[in-house]
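Chain and residue survey
In case you want the letters, here they are:
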Amino acid sequence: MNPRTTGVATEPGYTVVENASLEGRNTFRVPARAEILVDVRRPGALAEVLAIPYVQRNPLLILGGGSNMLFTRDWPGTVVCIATHDIRVLDDLGHAALVRVEAGENWNDFVHWSLSRGFVGLENLVLIPGSVGAAPIQNIGAYGREASQFIATVEAWDRQAARLVRLDNTSCRFAYRDSLFKHEPDRYVITAVELLLPRAGELRTDYAGIAEELASMNCTASAPTVAEAVARLRTRKLPNPALIGNAGSFFKNPVVAAAFALELQREHPALPTWSADDGARKLSAAWMIEASGMKGVRDGDAGVSDQHALVLVNHGRATGEQVWALAQQVQAKVLERFGVMLEPEPIIV
Ligand SMILES: Cc1cc2nc3c(=O)[nH]c(=O)nc-3n(C[C@H](O)[C@H](O)[C@H](O)COP(=O)(O)OP(=O)(O)OC[C@H]3O[C@@H](n4cnc5c(N)ncnc54)[C@H](O)[C@@H]3O)c2cc1C
């Protein structure tokens, strides 16, 4: 493998491209290149790929659908994309089933698979872009539900131990947009996720307009109708990455001490807050960005969406560096006005 030449080689179970463009592999659609891009299609091939001397000697980045990443530079090494596919029921318990999903499956396709087989639980997580393998990384969540509520086990290649490991839900240390995998980013390559999916259960319709959407659809609540309501809400509220480059919410909602939240609300009574773990409060980052005058702001082709203040967009030919510079401007404005430092949700490369 000579990283200085451009070429394509297909090995059993994986494909290697040298000097590969990543522009079509990130939803911001910013330009970036990888010295080597490997698509792993056979589960067992990952260990072979990671043992290649070039891969061992150079920086390694794992890429899924690129919907939670901002490339601000080329990648000086190997980018590995897990492109394995399979969904299998491992154990049917009647009231629930344990389902194994290969990391390369598309998350939204898997949600639809679960709905079509009568499972309940993933309906609020419909239309989240990306792969199943990335879902545990930031513990994807939306409309009052998180993936961690259903994940039983994560199977991963442990690069330190050079073997496959199985991590149960507790070992994954899931929290709001967080997990063990974010804290040890160079250690685990997720190969499959096993989820315990119930066939009945409480539906979450009390969140962000779901009940109102169901009423306007003239529907009673069931897993498929809640999924349809959430899909309609998301389609209306979030800019579509197929039309305008973005990575969804660019900032996390900051979690602060209750006393500080109260102080802020005294000064800004309209600031929305929600309860978080251990008595803390979560603040609306979108509201603070809008109140800082940054909604809809544009610097060249990098912009803050005028549809949703939490979403940064690429209007056309922005580079990752330009988007990141604008993100830092947003952080500075919110810090100045509210004394809160916003933390980016995507991985900045
Ligand atoms: C329009 C839009 C809406 C969104 N809405 C939501 C939302 O509602 N809720 C939410 O939580 N997120 C949301 N996101 C963010 C994104 O969809 C999720 O974070 C998703 O899980 C990213 O998946 P991906 O495969 O694209 O990961 P990538 O962007 O490719 O990677 C993200 C991170 O995971 C790592 N990674 C990926 N695959 C693996 C693997 N197999 N093993 C180890 N590490 C891996 C990468 O190295 C990187 O650090 C949204 C994004 C967009 C564009």
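These notes cover the structure that comes with them. (Residues numbered from 1 in each chain as written. Predicted model: local features only at pLDDT ≥ 70, side-chain atom pairs only at ≥ 80, totals over all residues. Heavy atoms only, no water.)

1. Some words on the overall build of the protein
Let me state the cut-off plainly: Numbering of helices and strands runs from the N terminus; a helix is a DSSP stretch of H or I covering at least four residues, while a strand is a stretch of E covering at least two. Each radius of gyration is computed over the set of C-alpha atoms, and the globule rule expresses the reference value as 2.2 Å times the number of residues to the power 0.38. Three exposure classes are used, based on accessible area relative to the maximum for each residue type with a 1.4 Å probe and protein chains only: buried under 20%, partly exposed in between, and exposed over 50%. Residues scored as positive are Lys and Arg, those scored as negative are Asp and Glu, and His as well as the terminal groups of each chain are ignored. In plain terms, the charge of a residue is placed at NZ if it is Lys, CZ if Arg, CG if Asp and CD if Glu.
Scanning the protein from terminus to terminus reveals nine helices and 21 strands. A globule of 349 residues ought to have a C-alpha radius of gyration of about 20 Å, and the protein, at 21 Å, matches this closely. Projected onto the principal axes, the alpha-carbon positions of the protein cover approximately 60 × 55 × 35 Å. Counting over 349 residues, the protein shows a buried share of 50%. Here the protein contributes 34 positively and 39 negatively charged side chains, and the mean placements of these two sets differ by 1 Å.

2. Digging into the sheet that holds strand β7 (residues 87-92)
Using the following cut-off: When DSSP finds two or more bridges between a pair of strands, those strands are recorded as paired. Every axis in this analysis is a line fitted to C-alpha atoms, fitted for helices over the stretch in contact. Angles between the N-to-C directions lie between 0 and 180 degrees. Residues count as neighbours in contact if any of their non-hydrogen atoms are within 4.5 Å of one another.
Spatially, the five strands line up as an open sheet ordered β7-β8-β13-β11-β12, and their pairing is antiparallel. Each of the sheet's edge strands pairs with one partner strand only, and the pair in question is β7 and β12 (163-168). Recorded for the sheet is a direction-independent mean angle of 20° between the axes of neighbouring strands. Set on the sheet, helix α3 (residues 107-116) makes contact with β7, β8 (96-102) and β13 (188-198); between it and β13 the angle comes to about 20°.

3. Focus: the pairing of strand β6 (residues 75-82)
Counting buried positions over the eight residues of β6 gives seven, a clear majority of the element. Summarising the sheet, strand β3 (residues 33-40) and β6 pair through six bridges and their orientation is parallel. Directly across from V38, in β6, lies its bridge partner V80. As judged from the four bridges shared by strand β4 (residues 60-63) and β6, these two strands associate in the parallel manner. Its bridge partner being in β6, L61 is matched across the sheet by V79.

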